[in-house]
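Here's the letter readout for the chains.
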Amino acid sequence: MESHLSPPEKKKRVFSLIQPTAMPTLGNYLGALKNWKEMSELNDCIFGVADLHALTVRPEPAVFRRQSLEIFAMLLSIGLDPEKNIVFVQSRVEQHAQLAWILNCYTQFGEASRMTQFKEKAAAHEENVNVGLFAYPVLMAADILLYNSDFVPVGEDQRQHLEITRDIAERFNQLYGRTFTVPEAYIGKVGARIMSLQDPAKKMSKSDLNPKASVSVLDEPEVILKKFKSAVTDSEACVRYAEGKDGINNLMAIYSCCTGRDFPAIEKEFEGRGYGDFKTAVAEAVIEELRPVRESYLSLMKDSGYLAACIDAGCGKARAIAAKTLAKVSKKVGLLV
Ligand code: TRP
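Reading the values: rules and limits
- Residues numbered from 1 in each chain as written.
- Predicted model: local features only at pLDDT ≥ 70, side-chain atom pairs only at ≥ 80, totals over all residues.
- Heavy atoms only, no water.
- Near = heavy atom within 4 Å.
- Polar contact = N/O pair within 3.5 Å; in protein donor to acceptor, adjacent residues only side chain to side chain.
- Areas by Shrake-Rupley, 256 points an atom, 1.4 Å probe, with all protein chains shown as cover.
- Helix = DSSP H or I, 4+ residues; strand = E, 2+ residues; numbered from the N terminus.
- Contact = heavy atoms within 4.5 Å.
- Expected span 1.5 Å × (residues − 1).
- Buried < 20%, exposed > 50% of the residue type's maximum accessible area, 1.4 Å probe, protein only.
- Right-handed = clockwise from strand over helix to strand, strands pointing away.
- Axes fitted to C-alpha atoms, helices over the stretch in contact; angles between N-to-C directions.
- Parallel < 35°, antiparallel > 145°, perpendicular 65-115°, else oblique.
- Left-handed = near helix turned anticlockwise from the far one by under 90°.
- Nonpolar A, V, L, I, M, F, W, Y, C, P; charged D, E, K, R; others polar.
- Disulfide = S-S within 2.5 Å.
- Phe/Tyr/Trp six-rings, centres within 6.5 Å; stacked < 30°, edge-to-face > 60°.

Draft legend 1. Local environment of the site of the ligand. Near the ligand there are 13 residues, and of these His-53, Tyr-136, Met-140, Asp-143 and Gln-158 occur at the shortest range. Gln-19 is positioned with one of its side-chain polar atoms (N or O) 3.3 Å from an oxygen atom of the ligand. In the model, a nitrogen atom of the ligand is placed 2.7 Å from a nitrogen or oxygen of the Asp-143 side chain. If the ligand stood free it would expose 370 Å²; the protein chains cover 88% of that surface. Of all the elements, helix α7 (residues 131–145) adds the most residues to the shell around the ligand, at four residues.

Put into structure tokens, the structure is as follows:
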């Protein structure tokens, strides 16, 4: 992360969105959100809720509305400062949908058809393969390009969408002269990939049917302790990072993310101690890591007026930037502006 922290006089623009589905897990938090917070301290950051993308799976309206608000509150709760950064909601900044339409006309059917995520989602949900799902990466390109973003922190699964964004930007620049900043994906380190506590070969997921497999950022301390106590390990009874010790490796990664200690230091700390001790220590580190997030979230959710004002202000700031880019693009392609 350090390498991308820029000096204040030449801040980099960092942009990313998160979909408003279920509450983030500890995995989402350590793998993404915690890095967003760290990046926000030295970069010019814009983060938000990708509600238009979530619409591709036709969520139940009341649940969807609530989840969008909850995820927005969560972005503030992880410590993003809405005064210093922009935190906003995608659908409330109309330029996203507008630029997406324009960019649809500069994206080939063939290249969009090659997107792995589209093919996978289409195969998994044959009953609703809508055009929005197909155009999903183009909307993502619009999100990113509206803000002249330099870096886009995303998970590995979004790498191809960043590639198509770069292709679209370069193509447009070639045709109409330099218009868009060509963004770079910023993929977190593999170490931050947190696995299921019950099946450490699988990624920790909010949709896991086994409630003991994942920890939510909002879980109460006692619940967190219980889940770690029942985490799957191995029979060696030695805290060390090694192949074949997926459960312990995962707990070590979690402990490392929460305490900043590296693996050798952790091995030393738990030398000659059993897994019981180690699990309790990991649970306590996680509890302390998540405590301020949960407390801030609970108090924010009680203040709907403040939350609404933050959304208005964030969207206002986002719109001011987005409108400039859209006007420039509209003019270049020959729309009447
Ligand atoms: N598709 C992204 C995801 O599921 C979310 C997203 C939408 C996004 N627009 C974006 C991420 C723009 C980065 C930049 O994770």
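Back to the text.
Draft legend 2. Summary view of the environment of Ala-281. Mapping Ala-281 onto the fold places it in helix α12 (residues 275–301). Here the alpha-carbon distance between Ala-281 and Phe-228, two residues 53 residues apart in the chain, equals 9.4 Å. Once residues lying within four places of it in the same chain are set aside, the contact partners of Ala-281 are Tyr-255 and Phe-270.

Draft legend 3. Local environment of helix α13 (residues 304–333). Relative to the 44 Å expected for 30 residues at 1.5 Å per residue, α13 spans 41 Å between its end C-alpha atoms, a close match to the ideal helical length. Within α13, the full set of buried residues consists of Leu-307, Cys-310, Ile-311, Gly-314, Cys-315, Ala-318, Ala-322, Thr-325, Leu-326, Val-329 and Ser-330. Contact partners of the buried residues in α13: α3 (61–77), β3 (86–89), α4 (95–104), α7, α8 (159–176) and α12. Downstream of α13 by one or two residues, Gly-334 has phi in the positive range, about 100 degrees.

Draft legend 4. Quick look at the pairing of strand β4 (residues 151–154). The alternating pattern of β4 places Phe-151 and Pro-153 and Val-152 and Val-154 on opposite faces, both of which are buried. Between the parallel elements β4 and strand β5 (residues 184–187), the chain passes through α8 in a crossover that is right-handed.

Draft legend 5. Looking closely at the environment of Glu-289. Inspection of the secondary structure puts Glu-289 in helix α12. Between the alpha carbons of Glu-289 and His-161 there is a distance of 31 Å; along the sequence they are 128 residues apart. Leave out the neighbours within four places in its chain, and Glu-289 touches Tyr-29, Lys-34 and Cys-258. Of the polar contacts made by the side chain of Glu-289, one reaches the side chain of Tyr-29; its length is 3.1 Å.

Draft legend 6. Focus on the packing of helix α1 (residues 26–40) against helix α10 (residues 246–259). Contact geometry for α1 and α10: axes closest at 11 Å, N-to-C directions at 45 degrees. Taken together, the axes of α1 and α10 are oblique relative to one another. Two packed elements cross with a definite hand, and for α1 against α10 that hand is left-handed. Contact residues: α1 offers Leu-26, Leu-30 and Lys-34, while α10 offers Ile-254, Cys-257 and Cys-258. Considering only residue class, the contact of α1 with α10 consists of five nonpolar, no polar and one charged.

Draft legend 7. Representation of the state of the cysteines within the structure. Taken as a whole and judged by the stated rule, the model has zero disulfides. Between Cys-258, a cysteine without a disulfide, and Cys-257, which holds the nearest cysteine sulfur, the sulfur-to-sulfur distance is 6.6 Å. You can call Cys-258 buried: its relative accessible area is 15%.

Draft legend 8. Quick look at the packing of aromatic side chains. In total, this model carries 15 aromatic pairs according to the counting rule given. Ring geometry for Phe-15 against Tyr-147: centres 5.2 Å apart, planes inclined by 15 degrees, an arrangement best described as stacked. Of this pair, Phe-15 sits in strand β1 (residues 13–18) while Tyr-147 sits in the loop between α7 and β4, and the two are 132 residues apart along the sequence. For Tyr-147, a relative accessible area of 0% puts it in the buried group. Geometrically, the ring pair formed by Phe-270 and Phe-278 is edge-to-face, given 4.8 Å between the ring centres and 65 degrees between the ring planes. Comparing Phe-270 with Phe-278 shows no difference in burial state: the two are buried. Aromatic rings pair up to connect Tyr-106, Phe-172, Tyr-176 and Phe-180 into one cluster.

Draft legend 9. Up close: the environment of Asp-234. Note on placement: Asp-234 falls in the loop between α9 (221–229) and α10. A C-alpha to C-alpha distance of 15 Å links Asp-234 and Ser-196, two positions 38 residues apart in sequence. If we skip the residues at most four places from it in the chain, Asp-234 touches Lys-245, Ile-248 and Tyr-275. Within the structure, the side chain of Asp-234 is placed 2.9 Å from the backbone nitrogen of Glu-236, a separation counted as a polar contact. A distance of 3.2 Å separates the side chain of Asp-234 from the side chain of Lys-245, its partner in a polar contact.

Draft legend 10. A look at unusual backbone geometry. Phi at Arg-58 takes a positive value of approximately 45 degrees, unusual for a residue other than glycine. Inspection of the secondary structure puts Arg-58 in the loop between α2 (51–54) and α3. According to the relative accessible area criterion, Arg-58 is exposed, its value standing at 65%.

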